[in-house]
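Close look at the chain arrangement
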Amino acid sequence: MKPVILDVDTGLDDACALLLAARHPELDLKAVTCVGGNVGIDDVVRNTLTVLDAAGRPDVPVARGAAVPLIQPVRSARHVHGEDGLGDLDWPRSTRSTDPRHAVELLRDVLRDAAATGELITLIPLAPLTNIALLLRTYPEAARGLREIVFMGGAAGIGNATAAAEFNIWTDPEAAAIALTAAKDLGIPVTMYGLDVFYDVVVTLDQARALSGSPSAELACKLIEKRSERYQSDGGSIGDGGAVCAVIDPSGLTTLEYPVRIELSGSWSRGRTIVDTRGASDVANDPQGPAATIRVATAVDGKRYAELWLATVS
Ligand code: RIB
Ligand code: CA
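Residues numbered from 1 in each chain as written. Chains lettered and ligands numbered in written order. Predicted model: local features only at pLDDT ≥ 70, side-chain atom pairs only at ≥ 80, totals over all residues. Heavy atoms only, no water.

Moving on: the sheet that holds strand 5 (residues 146–152). One open sheet accounts for 9 strands, arranged 3-2-1-4-5-6-11-9-10; its pairing is mixed. At either end of the open sheet lies a strand with only one pairing partner, and these are strand 3 (62–64) and strand 10 (273–275). Between one strand axis and the next, the sheet turns by 30° as a mean value, whatever way the strands run. As paired strands, strand 6 (residues 190–193) and strand 11 (residues 292–300) are joined by 2 bridges and run parallel to one another. (Pairing = 2+ DSSP bridges. Helix = DSSP H or I, 4+ residues; strand = E, 2+ residues; numbered from the N terminus. Axes fitted to C-alpha atoms, helices over the stretch in contact; angles between N-to-C directions.)

This paragraph deals with the packing of helix 4 (residues 103–117) against helix 5 (residues 130–138). Here helix 4 crosses helix 5 at 55°, and the two axes come no closer than 9 Å. As far as their axial angle goes, helix 5 and helix 4 are oblique. Our pair here, helix 4 against helix 5, has a crossing hand that is right-handed. Along its contact with helix 4, which presents Ala 103, Val 104, Leu 107, Arg 108 and Leu 111, the element helix 5 presents Asn 131, Leu 134 and Leu 135. Partitioned by chemical class, the residues of the contact of helix 4 with helix 5 number 6 nonpolar, 1 polar and 1 charged. (Parallel < 35°, antiparallel > 145°, perpendicular 65-115°, else oblique. Left-handed = near helix turned anticlockwise from the far one by under 90°. Contact = heavy atoms within 4.5 Å. Nonpolar A, V, L, I, M, F, W, Y, C, P; charged D, E, K, R; others polar.)

This part is about the nonpolar core. One finds Leu 6, Leu 29, Tyr 193, Leu 223, Val 244 and Trp 309 to be the most contacted residues of the largest nonpolar core, which totals 65 residues. Per element, the largest residue contribution to this core is 9 residues, and it comes from helix 1 (residues 12–23). Apart from residues lying up to four places away in sequence, Leu 223 is in contact with Leu 12, Ala 15, Cys 16, Leu 19, Leu 86 and Leu 89. Membership of the second largest hydrophobic core comes to 40 residues, among which are Ala 133, Phe 151, Leu 180 and Val 260. (Core = buried A, V, L, I, M, F, W, Y, C linked by side-chain atoms within 4.5 Å. Buried < 20%, exposed > 50% of the residue type's maximum accessible area, 1.4 Å probe, protein only.)

Turning to its location among the elements, Ser 228 is positioned in helix 10 (residues 215–230). What Ser 228 contacts, discounting residues up to four positions off in sequence, is Leu 205, Ser 233, Gly 235 and Gly 236.

A word on the site of ligand 1. Looking at ligand 1, the residues that line it are Asp 9, Asp 13, Asp 14, Asn 38, Leu 126, Met 152, Asn 160, Glu 166, Phe 167, Asn 168, Phe 198 and Asp 240. A distance of 3.0 Å separates an oxygen atom of ligand 1 from a polar atom in the side chain of Asp 9. Contact between ligand 1 and Asn 168: an oxygen atom at 2.8 Å from a side-chain N or O atom of the residue. Within the complex, the protein chains bury 96% of what would otherwise be the 270 Å² of accessible surface of ligand 1. Of all elements in the fold, only helix 1 and helix 6 (167–171) reach the threshold of two or more residues within the shell around ligand 1. Among the residues forming the shell around ligand 1, the class breakdown is 4 nonpolar, 3 polar and 5 charged. (Near = heavy atom within 4 Å. Polar contact = N/O pair within 3.5 Å; in protein donor to acceptor, adjacent residues only side chain to side chain. Areas by Shrake-Rupley, 256 points an atom, 1.4 Å probe, with all protein chains shown as cover.)

In this section: the pairing of strand 5. Counting buried residues in strand 5 gives 6 out of 7 residues, a clear majority hidden from the surface. Alignment of strand 4 (residues 121–125) against strand 5, held across 3 bridges, turns out to be parallel. Bridged to Leu 123 within strand 5 is Ile 149. Running through helix 5, the crossover from strand 4 to the neighbouring parallel element strand 5 is right-handed. By the bridge criterion, 4 bridges tie strand 5 to strand 6 in an arrangement that is parallel. Bridge pairing links Ile 149 to Val 190 in strand 6. (Right-handed = clockwise from strand over helix to strand, strands pointing away.)

Take a look at the structure:
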């Protein structure tokens, strides 16, 4: 069992990730923390509880975290995820309460326990990195409970929120910069599951419509239907779900190690992850000094991960 924590801004693809993480037999989902992003924090919390109920996991603690980014105003993505963030499916809402702790305190406590038992946790942020930045700067000792961070965000190629920037980083560039710097300072291995692979794990409508017989399967079907509507295609990508697949089955993902910087001040490039693919000599002689070197996903076995997701949510 791999102990994991997801940090989410539940939207449709975070929901795909939650169903997978909650139901896969090799993952021990210790907690889920929420942050404002795709939609407002109250909608994120409600959606997260609702999806975990559908997955049959009301035991997993859910904590509310940062409602807004560290500096810039929050800008939602309701045009992608619907007004309520879950495709406006009118899915039965959870009546469960959140954990009374703030997300950062829940993360601190679970990671402290993990450090004590030695069962180090893989942290899987699938949203703006506001909670993660706050955690690593407020409780740096919590890093002792971390095996690694595998986050969905950024892109070596083009963005989505803007031509230059991917939504999670664009929403809170300062948090991303702090999180990467803190991870480097604290010696935490980081993998970036960016847009370069994000769209490549696709479930067809036919595959989705074969899912039935449980709330998880029925919700999974509706999530893919909504995702395919958005892109007018005969299938939908599980988006954030691919990052969880990469934790379950790392051999389905190709990564290369590159220095990565976050652009904080560009008029048109703010929030860009600048993935430095130059040769070693250029990097070593960079007048701007060293950047955090992380694993960057460059290719994914989309069919393999789609089958993993389908087998688990059904
Ligand atoms: O850019 C895609 C990311 O932004 C995904 O995590 C999606 O859920 C949104 O948060
Ligand atoms: Ca997300």
